[in-house]
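These are the residues of each chain, in order.
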Amino acid sequence: MRTRTIGNRSVSAIGLGGMPMSIEGRPDRERSIATIHAAIDAGITFIDTADSYHRDAGEVGHNEELIAEALASYGRDTSHILVATKGGHLRPGDGSWTLNGHPEYLVEAAKASLARLGGDAIGLYQFHRPDPEVPYADSIGALVQLLDDGIIEQAGISNATVEQIDEAHSILGGKLVSVQNQFSPRFLSSRSELEHSAALGLAFLPWSPLGGISNAAELADHHAAFAEVADRHGVSPQQVTLAWELSIASTVVPIPGSSRPASITDSAAAAELELSADDIATIEASLVS
């Protein structure tokens, strides 16, 4: 597996997004564990989660606990795997999403995440989503405290604008290492944040890089250029999509969500897919037409 860098850590060029294994429509625990094990077998060393990746009230941290269980049961050393989690986005259990960016809450949420994940510190902790009721600087200040207290090793932000990236970068004194925004052929509006992150040397972690849980399987139906390039290479359109995202900047690390061993194994192979200049031109032309 080819590697990329998130702060001071070398990780696989393709990561695994854990959300589909814990929200509505989730598989049984056995298949989820098998999916995580398949990702590791395929060379993936970066797994993304959040304390809000759960379905029901009373099961906050469901996905964090699932990942911790999968790593513990893998049977071989997993200390090289970077697990990133997030805080500040909540699910009351009625299907809705709420926000809490208060620094006191974020500090306690991070401590709870660490207890679920285990270890001495969280490898990468990201502020999940800005809370309009709390000054952004105050929320980022919680990341500073968590770094200073040794609760987290590295800090990132998610769902951020260019201005928020700059603000976080300034407050963290250069210790900001990642930006996790939605980005895919279906959702291109974060391209400016991707390019800005690359200019700053920050890892950019596209979430829903295949268009989202309900759209990934039909990607080729909505984006014919990806199917055309896939046919040239004899691979899936999903692999082409991830390879295209990798080609945009060396700082991009897509994190496709998965709940099946076969799908994450296919996604992992995108790290080795070499797209030609003609392939990329075909794709880019389709996105601006």
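In this text, all values refer to a predicted model and were calculated from it rather than measured experimentally.

## A look at helix α10 (residues 261–268)
Phase 1 of the analysis: Residues of α10 that are buried: Ile264, Ser267 and Ala268. Summarising the axial view, the buried residues of α10 lie within an arc of 100°, below the 170-degree limit, and thus occupy one face.
Phase 2 of the analysis: Elements in contact with the buried residues of α10: β3 (16–17), α1 (29–41) and α9 (237–248).

## Some points on the sheet that holds strand β9 (residues 155–158)
In sheet architecture, strand pairing relies on hydrogen bonds along the backbone and comes in two forms, parallel and antiparallel.
Phase 1 of the analysis: If you walk across this open sheet you meet the seven strands as β3-β4-β5-β8-β9-β10-β11, and the pairing is parallel. A single partner strand is all that each edge strand has here, and the edge strands are β3 and β11 (203–204).
Phase 2 of the analysis: Two elements, β3 and strand β4 (residues 46–48), share two bridges in a ladder whose sense is parallel. Its bridge partner being in β4, Gly17 is matched across the sheet by Asp48.

## Thoughts on the pattern of salt bridges
Phase 1 of the analysis: On inspection of all chains with the given rule, the structure shows 15 salt bridges.
Phase 2 of the analysis: Where Glu69 meets Arg29, a salt bridge forms, and the shortest distance between an N and an O atom there is 2.8 Å. Linking Glu69 in helix α2 (residues 62–72) with Arg29 in helix α1, this pair joins segments that are 40 residues apart in sequence.
Phase 3 of the analysis: Lys111 is the partner of Glu108 in a salt bridge, and the nearest nitrogen-oxygen pair spans 3.7 Å. Of this pair, Glu108 and Lys111 are both found in helix α3 (residues 103–117), three residues apart, which corresponds to roughly one turn of the helix.
Phase 4 of the analysis: Here the salt bridges do not stand alone but share partners, grouping Arg2, Glu272 and Glu274 into one network.

## Considering the packing of α9 against helix α11 (residues 277–288)
Phase 1 of the analysis: Between α9 and α11, the least distance of the axes is 11 Å, while the angle of their chain directions is 95°. One finds that α9 runs roughly perpendicular with respect to α11. Here Val240, Trp244 and Ser247 of α9 come into contact with α11, specifically with Ile280, Ile283, Glu284 and Leu287.
Phase 2 of the analysis: Partitioning the contact of α9 with α11 into residue classes produces five nonpolar, one polar and one charged.

## Some points on the nonpolar core
Phase 1 of the analysis: If you look at the biggest cluster of nonpolar residues, it comprises 68 residues, and the most contacted ones within it are Ile36, Leu143 and Ile157.
Phase 2 of the analysis: In this structure, Leu143 is in contact with Tyr125, Phe127, Ile152, Ala155, Gly156, Ile157 and Leu172, ignoring residues within four places of it in sequence.
Phase 3 of the analysis: Counting 11 residues, the second largest nonpolar core, distinct from the first, contains Ile6, Val11, Leu82 and Val253.

So, how was this worked out
- Each chain carries its own residue numbering, running from 1 in the written order of its sequence.
- At least 70 in pLDDT is required for a residue's local features to be given in this predicted model, at least 80 for side-chain atom pairs to be given and counted, and no such filter applies to totals for whole chains, interfaces and linings, which use all residues.
- As a convention, hydrogens and water are excluded, and side-chain values are obtained from all of the structure's heavy atoms.
- Throughout, exposure labels follow a simple rule: accessible area from a 1.4 Å probe, protein chains only, divided by the maximum for the residue type, with under 20% read as buried, over 50% as exposed, and the rest as partly exposed.
- Helix and strand definitions here come from DSSP, where helices need a minimum of 4 consecutive H or I residues and strands a minimum of 2 consecutive E residues; each element is numbered from the N-terminal end.
- The arc in question is the one spanned by the directions pointing from the helix axis to the C-beta atoms.
- Whether two residues are in contact is decided by their heavy atoms: any pair within 4.5 Å suffices.
- Two strands are said to pair when DSSP picks up at least two bridges between them.
- Here, a salt bridge means any Lys or Arg side-chain nitrogen found within 4 Å of an Asp or Glu carboxyl oxygen.
- Each axis is a line fitted through C-alpha atoms, and for a helix only the stretch in contact is used; angles between axes span 0 to 180 degrees, taken between their N-to-C directions.
- Roughly parallel means an angle under 35 degrees; roughly antiparallel, over 145; roughly perpendicular, 65 to 115; everything else is oblique.
- Residue type decides the class: Asp, Glu, Lys and Arg count as charged, Ala, Val, Leu, Ile, Met, Phe, Trp, Tyr, Cys and Pro as nonpolar, and the leftover types, Gly among them, as polar.
- By convention a nonpolar core is built from buried Ala, Val, Leu, Ile, Met, Phe, Trp, Tyr and Cys residues, the set being connected through side-chain atoms within 4.5 Å.

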